[in-house]
Amino acid sequence: MLDLIVRGGQVVTPWGVSDWDVAVEGEKIVAVAARGALTEEAGRVIDATGKIVVPGGIEPHAHISAPIMGHGDLKTAPPGQVSRAALFGGTTTLLDFAIQYPGIDIGQAIQERTSVWQGNSYADYSHHLMLLGEIPANILEQLHEAVEDGFPSIKIFTTNIRPPSTVGEPRMVRMGHLHDLMEQVQRLGALLLVHSEDDDMVQHMYRKLAQEERTEWWNMHLVHSNESEDVSFRRVLRVAEWTGAPVYFVHVSARQGVGAIQEARAKGLPVYGETLHNYCCFNADNYREENGMRYHTYPSIKAEEDRLALWDGIVRGGLNTMATDEYCTSWEIKIAGRTISDVTGGHNGAETRVGITYSEGVAKRGMSLQRFVDVTSANAAKIMGLYPRKGVIAPGSDADIVLIDPSVKKRLAKSDFHISDYSIWEGFDIEGWPATTILRGAVVVENGVFRGRRGGGQFLRRKVDREYTTRPAC
Ligand SMILES: [Zn+2]
C-alpha cells in the first residue's frame, strides 16, 4: 500500500510539466504516473487539482543563530523559528554556515553547528563551512576531512564588509590566501562560495563619505558599489581560472556581476551565480523611504537597471539560484543602525523566497515552471551536492513536495508571516503562493496549519558531483 498520493496537480519535473499523480511510500517518492494510472490503495490522497506540484524549495544561503554584526552576543533567529517559517513558505531544506573563528578548528566549528541544530529543526538542513581572514596551513589541511565528511562547500569574503572599527574579527581573505584555498578546493572537488567585493574600494568609500558627512544609510550603494563588484568578481575569476576552482558567487547584486559570471561560463568555467529575492524586487530608491534601511542586505541594493538585470539572469539564464541571505532579527535591531557603517543587513526572507519568485517570476514575467524549480530548488541541490535526493520530483527522491496555489491573489499582510515582528514584504502584491508543504512524506503545512515536528528535520551530508565542479553544468 502507498502512504500518500498527490493527485490531480500539474507536476513539474525535468522531463516535462504535466498532469501526473505522485506516489509516496515512507519518505520517498516511488512513482510519477499518468493521471489515474495509480490503482494501488493509499493511506492518504491529497487533491492537488488546480495546484502546481514542485519539489521542496532549497535555501542555499542562510545565517541562522549567527552573531549579529555589531550587537555583541545577540544572534539571528534560531533553527526552530527559521525552519518553521521556511516550511510555511515551501522551503524544505536550509543551508547555513559553520564558522571557523580564529582559534578553533574546523571540527569544532562543525560541532558548534551540530549542537545548535540537532533536535531543533523542523526542516532538513546542512552547513557550509566559513573561513575568516588569514587561512593557516593546518586549516587548509583539515578541509580534506571535512569535505569527506559531507561538507563540500566553503565560504569566504574578499572584504571586511564594514569599516575595521565596527567589526570584531577580520573577515577578508586576501588574494594569496585565496589562491592557496582555491588550489585546495580544486584538488578536493569542493566548491568555493565567495562574497566578492573589492575591500580597498569599499573602505575608501566609507572614509570618503564620512569626510563629506554623507553617512546616511541611503548611500550604502555608493560604498558597496557596482564598480567594486565588477572589479572583485573579475579578480576572483582570474584566480579561479589559474587554479581551476569552481566558484559560486553569493548575492550577486549588480548587472556587472551578472555579466562577469556569464563571460566566465561562456569560457566553460565552473562558475555559478546566486541572487536574492529582495535584490530582485527593490532598488536603491527604496533606501530613501522612512526606515528604508529595512531593505538592506550586504553588499547593497543597487539601481533599477541592476534589478532588471538580476531578473533577467533568474528568468532567462545567467544566474542559477534565488537565495535570501536569511538574517532574521527583530524590527528594533533591523532599524537600529542608521548610518552606512552600522546598518543591519539581511532580513527574514526564507519564508517568502519561493512565493515571491513564483509570483514575480512565473505569474508576472512568464518564467517557465521548470526554470522556477531550477532557481528555487534543483540548481541549489545540484551545485551544493544534494541532487537527486533533493531538488526533483522523481522516483527514489525524498518526498519533499510543495503545492503552489496559482489562484491566490492578495496583498501580503503581517498575518501571512510566521517569524519576527516585521517583513519587508508586508504590502507587497502577489499572485500565487505555496499552500501545502510535504517533508519526506510528512504533510507539515496544510491550509495554513502547521503540523511539523521539532527535531523532524534531518542533517544532510553532501557531496558535489564532479559534473558541477569542472564545468558550468546547470
Ligand atoms: Zn550571507
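Keep in mind it's a predicted model, so treat the numbers as computed, not measured. (Residues numbered from 1 in each chain as written. Predicted model: local features only at pLDDT ≥ 70, side-chain atom pairs only at ≥ 80, totals over all residues. Heavy atoms only, no water.)

Novice: When you look at the overall build of the chain in this model, what are you seeing that I'm missing?
Specialist: In terms of regular secondary structure, the chain is built from 14 helices and 18 strands. Taking the principal axes of its C-alpha atoms as reference, the chain extends roughly 70 × 50 × 40 Å. Expressed as a percentage of the 474 residues in the chain, the buried residues total 62%. If you take every contact in the chain between residues at least 6 apart in sequence, the share linking residues at least 24 apart comes to 76%. Within the chain, one finds 49 positive and 60 negative side-chain charges whose respective centroids are separated by 2 Å. (Helix = DSSP H or I, 4+ residues; strand = E, 2+ residues; numbered from the N terminus. Buried < 20%, exposed > 50% of the residue type's maximum accessible area, 1.4 Å probe, protein only. Contact = heavy atoms within 4.5 Å. Lys, Arg positive; Asp, Glu negative; His and termini not counted. Charge placed at Lys NZ, Arg CZ, Asp CG, Glu CD.)

Novice: Explain the coordination of the zinc ion here, please?
Specialist: Under perfect tetrahedral coordination by four donors, a metal shows angles of 109.5 degrees; under perfect octahedral coordination by six donors, it shows angles of 90 or 180 degrees. The zinc ion binds to the protein through His61 (NE2), His63 (NE2) and Asp325 (OD); the donor distances cover 2.0 to 2.2 Å. Within one chain, the residues serving as donors to the zinc ion are arranged as H-x1-H-x261-D. On the criterion of sequence distance, the pair formed by His61 in the loop between strand S7 (57–59) and helix H1 (79–88) and Asp325 in the loop between strand S14 (321–323) and helix H11 (331–334) is long-range, its members being 264 residues apart. A relative accessible area of 0% means that His61 is categorised as buried. (Donors = N, O, S within 2.8 Å, 3.2 Å for Na, K, Ca; no water.)

Novice: Would you take a moment to explain the nonpolar core for this structure?
Specialist: Note on soluble globular proteins: their nonpolar side chains tend to be buried together. Residues Leu129, Leu181, Met182, Leu192, Phe249, Phe372 and Trp425 are the most contacted members of the largest nonpolar core, which totals 115 residues. Top element by residues in this core is helix H13 (residues 369–384). It accounts for 9 residues. Those residues in contact with Phe372 that sit more than four places away from it in its chain are Val54, Val354, Thr357, Tyr358, Val362, Met367 and Ile404. (Core = buried A, V, L, I, M, F, W, Y, C linked by side-chain atoms within 4.5 Å.)

Novice: Help me understand the layout of surface pockets in this model?
Specialist: Rolling a probe over the atoms, with the probe sized like a water molecule, indicates the empty space that remains. Taken as a whole, the largest pocket holds about 460 Å³ of empty space. As a volume, the second largest pocket reaches approximately 360 Å³. If you trace the second largest pocket, you find 21 residues lining it, with Pro434, Ala435, Thr436, Asn447 and Gly448 closest to the centre. Those elements that provide at least two residues to the lining of the second largest pocket are strand S5 (42–47), strand S15 (401–411), strand S16 (429–439) and strand S17 (442–446). Of the residues contributing to the lining of the second largest pocket, the split by class is 8 nonpolar, 5 polar and 8 charged. (1 Å grid on protein atoms, 1.4 Å probe; cavity = no way out; pocket = protein on both sides within 12 Å on 5 of 7 lines; lining within 4 Å. Points joined across faces, edges and corners; volume = space filled by probe spheres on them. Nonpolar A, V, L, I, M, F, W, Y, C, P; charged D, E, K, R; others polar.)

Novice: What should I look at first to understand the pairing of strand S4 (residues 28–34) in this one?
Specialist: Working note: regular strand, side chains alternate between the two faces of the sheet. Bridge analysis of strand S3 (residues 16–25) against S4 gives 6 bridges, and the strand direction is antiparallel. The residue bridging Trp20 from the neighbouring strand is Ala34, located in S4. (Pairing = 2+ DSSP bridges.)

Novice: Can you help me understand the sheet that holds strand S10 (residues 153–157) in this one?
Specialist: The 8 strands lie next to each other as S7-S8-S9-S10-S11-S12-S13-S14, forming an open sheet whose pairing is parallel. The sheet is open, and its two edges are formed by S7 and S14, each paired on a single side. Between one strand axis and the next, the sheet turns by 30° as a mean value, whatever way the strands run. Pairing geometry for strand S12 (residues 247–249) and strand S13 (residues 271–276), over 3 bridges, is parallel. What sits directly across from Phe249, in S13, is Gly273. Sheet strands in contact with helix H7 (residues 226–243) are strand S11 (191–195), S12 and S13, and its direction is about 165° off that of S12. (Axes fitted to C-alpha atoms, helices over the stretch in contact; angles between N-to-C directions.)

Novice: Would you explain the packing of aromatic side chains in this entry?
Specialist: The geometry of an aromatic ring pair comes down to the distance between the two centres and the angle between the two planes. This structure, assessed with the given rule, holds 13 aromatic pairs. Grouped by ring-pair contacts, the aromatic residues Trp117, Tyr125, Phe151 and Phe459 constitute a single cluster. Residue placement shows Lys155 over the ring face of Phe97; its charged tip is 4.7 Å from the ring centre. (Phe/Tyr/Trp six-rings, centres within 6.5 Å; stacked < 30°, edge-to-face > 60°. Lys NZ or Arg CZ within 6 Å of the ring centre and 35° of its normal.)

Novice: Can you walk me through the packing of helix H12 (residues 353–365) against H13 in this structure?
Specialist: When two helices pack together, their arrangement is given by the angle between the helix axes and the distance between those axes. Their axes nearest at 11 Å, the elements H12 and H13 cross at an angle of 145°. Along this stretch, H12 crosses H13, giving a crossing that reads as right-handed. Residues Arg353, Val354, Thr357, Tyr358 and Val362 of H12 touch H13, and the partners they reach there are Leu369, Phe372, Val375 and Thr376. (Left-handed = near helix turned anticlockwise from the far one by under 90°.)

Novice: How do you make sense of the side chain of Thr324 when you look at a structure like this?
Specialist: Turning to its location among the elements, Thr324 is positioned in the loop between S14 and H11. Residue Thr324 is classed as buried on the basis of its relative accessible area, which comes to 0%. Within the local environment of Thr324, its side chain forms a polar contact with the backbone nitrogen of Glu326, the two atoms lying 2.8 Å apart. Dropping the residues within four chain positions of it, Thr324 is found in contact with Glu59, His61, Leu276, His277, His347, Gly349, Ala350 and Arg353. (Polar contact = N/O pair within 3.5 Å; in protein donor to acceptor, adjacent residues only side chain to side chain.)

Novice: How should helix H5 (residues 199–211) be read in this particular structure?
Specialist: Every α-helix winds through 3.6 residues per turn, so residues three or four apart in the chain are directed the same way. For H5, which comprises 13 residues, the first-to-last C-alpha distance of 18 Å matches the rise-based estimate of 18 Å (1.5 Å per residue) to within 8%. Looking at the buried side of H5, the elements it contacts are helix H6 (220–223) and H7. For H5, the N-terminal capping position is held by Asp198, with its side-chain oxygen 3.2 Å away from the main-chain nitrogen of Asp200. One or two steps after H5, the chain reaches Glu213, where phi turns positive at roughly 55°. (Expected span 1.5 Å × (residues − 1).)

Novice: When you look at unusual backbone geometry in this model, what are you seeing that I'm missing?
Specialist: In most cases, non-glycine residues show a negative phi, while peptide bonds are predominantly trans. Note that the residue after Tyr298, namely Pro299, is joined by a cis bond; omega there is 0°. Locating Pro299 in the fold gives a position in the loop between helix H9 (277–281) and helix H10 (304–315). Tyr387 connects to Pro388 through a cis peptide bond whose omega is 0°. Located in the positive-phi region is His251, a residue other than glycine, with phi close to 30°. Here His251 lies in the loop between S12 and helix H8 (255–266). Of note, the phi angle at Asp325 is positive, near 55°, even though the residue is not glycine. Classification of Asp325 by relative accessible area gives buried; the value is 8%.

Novice: What is the right way to read H8 from this model?
Specialist: When the terminal C-alpha atoms of H8 are compared, their 17 Å separation across 12 residues agrees well with the 16 Å that a helix rising 1.5 Å per residue should span. Along H8, the positions that sit buried rather than exposed are Gly257, Val258, Ala260, Ile261, Ala264 and Arg265. Taken around the axis of H8, the buried residues stretch over an arc of 160°, which confines them to a single face. Of the residues flanking the end of H8, it is Gly268, one or two places downstream, whose phi is positive at about 90°. (Arc of directions from axis to C-beta.)

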